[in-house]
Amino acid sequence: MFFILSKVLVVFIFPLTWAFGLLVYAAFTKRQKRKQALLITAITLLYFFSNRFTADTMARIWDVAPYQPSAKTYSCVVLLGGFVSEDESGQGYFNWAADRYTQATKLLANHTASHLLFSGGSSDIYPDGFCEAGFVKAELKKQNFADSLILLDGKARNTAENAIFAKQLLKQANLQPPYLMVTSAFHMRRAMLIFKKAGINVVPYTSNNMAPIRHIYLKDFLPDVDAISQWNIYIKEMVGYIVACLS
């Protein structure tokens, strides 16, 4: 039930939903001062969440810093799903978060980790049989990674279940901690908390780093639809982090 509610109610935490609600309220209220205040608030929200400067500033504050290379080797790299999508024909493909897969397989290929554990099934409310783990298994086979080096979990639907099923597989394989964990930089803070609560000792190895290291330009303060999308990601992560803290 919690999984379904988290999927259904997530739309209510996004800035566009807030602004739309304020605009609808402003359209129906008959009090002019209230209407004016609602319109100003809605426009302010839209501007704040639609400019690149605020989105990138949030990324710099929230993202976990990239892994600092060392000579240490690990028994396993834990790769979290979310980088595979399903097309209309039911076939999988790498989406915008594919850097997770790229970084994790590099760690396996260069022997920084001796095994790779992938955790990810289907996050759809109404699954149609597509499983992210199945797609990843096929891709790993294309890269000629031995089956004996791979652990797959195709049941996890969210980060909490990633931790539960990953812990079981690591224990069964008798792989000793700490483990490298690969996920997107924006997701790492919440994932680390959840895995720590599950009693899994992981070292963060981030990918998909959104925090830019560059100069600030005038265009960064202009409305940008991509900035809204980026804010949606961070707001979802912040809410998820608070929920994880309280659970």
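Preceding block: the structure.
All figures in this text were calculated on a predicted structure; none of them were measured in a lab. (Residues numbered from 1 in each chain as written. Predicted model: local features only at pLDDT ≥ 70, side-chain atom pairs only at ≥ 80, totals over all residues. Heavy atoms only, no water.)

What follows deals with the overall build of the protein. A tally of regular secondary structure across the protein gives 9 helices and 7 strands. Along the longest, intermediate and shortest principal axes, the C-alpha atoms of the protein span 70 × 45 × 40 Å. A burial count over the protein gives 45% of its 247 residues as buried. Contacts in the protein between residues far apart in sequence, at least 24 positions, make up 72% of those at least 6 positions apart. (Helix = DSSP H or I, 4+ residues; strand = E, 2+ residues; numbered from the N terminus. Buried < 20%, exposed > 50% of the residue type's maximum accessible area, 1.4 Å probe, protein only. Contact = heavy atoms within 4.5 Å.)

Running from N to C, helix α4 (residues 52-62) and helix α9 (residues 225-246) cross one another at 35 degrees; their axes reach a closest spacing of 9 Å. At the point where α4 passes α9, the crossing takes the left-handed sense. Residues R52, T54, A55, D56, M58, A59 and W62 of α4 form the contact with α9, whose own contacting residues are D226, A227, Q230, W231, Y234, E237, M238 and Y241. Looking at the contact of α4 with α9 residue by residue, the classes come out as 9 nonpolar, 2 polar and 4 charged. (Axes fitted to C-alpha atoms, helices over the stretch in contact; angles between N-to-C directions. Left-handed = near helix turned anticlockwise from the far one by under 90°. Nonpolar A, V, L, I, M, F, W, Y, C, P; charged D, E, K, R; others polar.)

A word on the side chain of H115. Note that H115 resides in the loop between α5 (99-109) and β4 (116-119). Residue H115 is classed as buried on the basis of its relative accessible area of 18%. Setting aside chain neighbours within four positions, we find H115 in contact with S75, C76, V77, L108, S148, L149, L151 and L175.

Within soluble globular proteins, side chains that are nonpolar generally end up buried alongside one another. If you look at the biggest cluster of nonpolar residues, it comprises 24 residues, and the most contacted ones within it are V77, F83 and L116. Breaking this core down by element, the ones donating at least two residues are β1 (77-80), α5, β4, α6 (132-142) and β6 (179-184). The contact partners of F83, leaving out residues within four places of it in the chain, are Y93, F94, N95, A97, A98, R100, Y101, F118, E132 and V136. V78, L175, Y179 and I194 belong to the second largest nonpolar core, which has 21 residues in total. (Core = buried A, V, L, I, M, F, W, Y, C linked by side-chain atoms within 4.5 Å.)

This structure, assessed with the given rule, holds 14 aromatic pairs. Here the aromatic rings of F49 and W231 are separated by 4.9 Å at their centres, their planes lie at 85 degrees, and the arrangement is edge-to-face. Within this pair, whereas F49 is found in helix α3 (residues 32-49), its partner W231 is found in helix α9, the two being separated by 182 residues in sequence. Neither residue differs from the other here; F49 and W231 are each classed as buried. Three or more aromatic residues link up through ring pairs in this structure, and these residues are F83, F94, Y101, F118 and F135. Cation over ring: K72 sits above Y74, and NZ or CZ is 5.4 Å from the ring centre. (Phe/Tyr/Trp six-rings, centres within 6.5 Å; stacked < 30°, edge-to-face > 60°. Lys NZ or Arg CZ within 6 Å of the ring centre and 35° of its normal.)

Cis geometry is adopted by the peptide bond preceding P178, which originates at P177 and carries an omega value of 0 degrees. Position of P178 relative to the elements: it lies in the loop between α7 (159-172) and β6. Phi is positive for N174, which is not a glycine, with a value near 55 degrees. Looking at the secondary structure, you find N174 in the loop between α7 and β6. Of the residues examined, N174 reaches a relative accessible area of 58% and is grouped as exposed. Located in the positive-phi region is N208, a residue other than glycine, with phi close to 50 degrees. For N208, the location among the structural elements is in the loop between β7 (202-207) and α9. According to the relative accessible area criterion, N208 is buried, its value standing at 11%.

What follows deals with the sheet that holds β1. As summarised here, the arrangement of the 5 strands in space is β5-β4-β1-β6-β7, forming an open sheet in which the pairing is parallel. Lying at the two open borders of the sheet, with one neighbouring strand each, are β5 (150-153) and β7. In this sheet, neighbouring strand axes are inclined to one another by 20 degrees on average, regardless of whether the strands run parallel or antiparallel. Sitting on the sheet, α5 is in contact with β1, β4, β5, β6 and β7, with an inclination near 160 degrees to β6. The sheet contacts of α7 involve β1, β4, β5 and β6, and relative to β5 the element is tilted by about 145 degrees. (Pairing = 2+ DSSP bridges.)

As a further point, take the pairing of β7. Remember that side chains alternate between the two faces of the sheet whenever the strand is regular. The pairing of β6 with β7 spans 6 bridges and is classified as parallel. Bridge pairing in β7 places M181 opposite P204. Remark: the β6/helix α8 (residues 185-197)/β7 crossover connection has right-handed handedness. (Right-handed = clockwise from strand over helix to strand, strands pointing away.)

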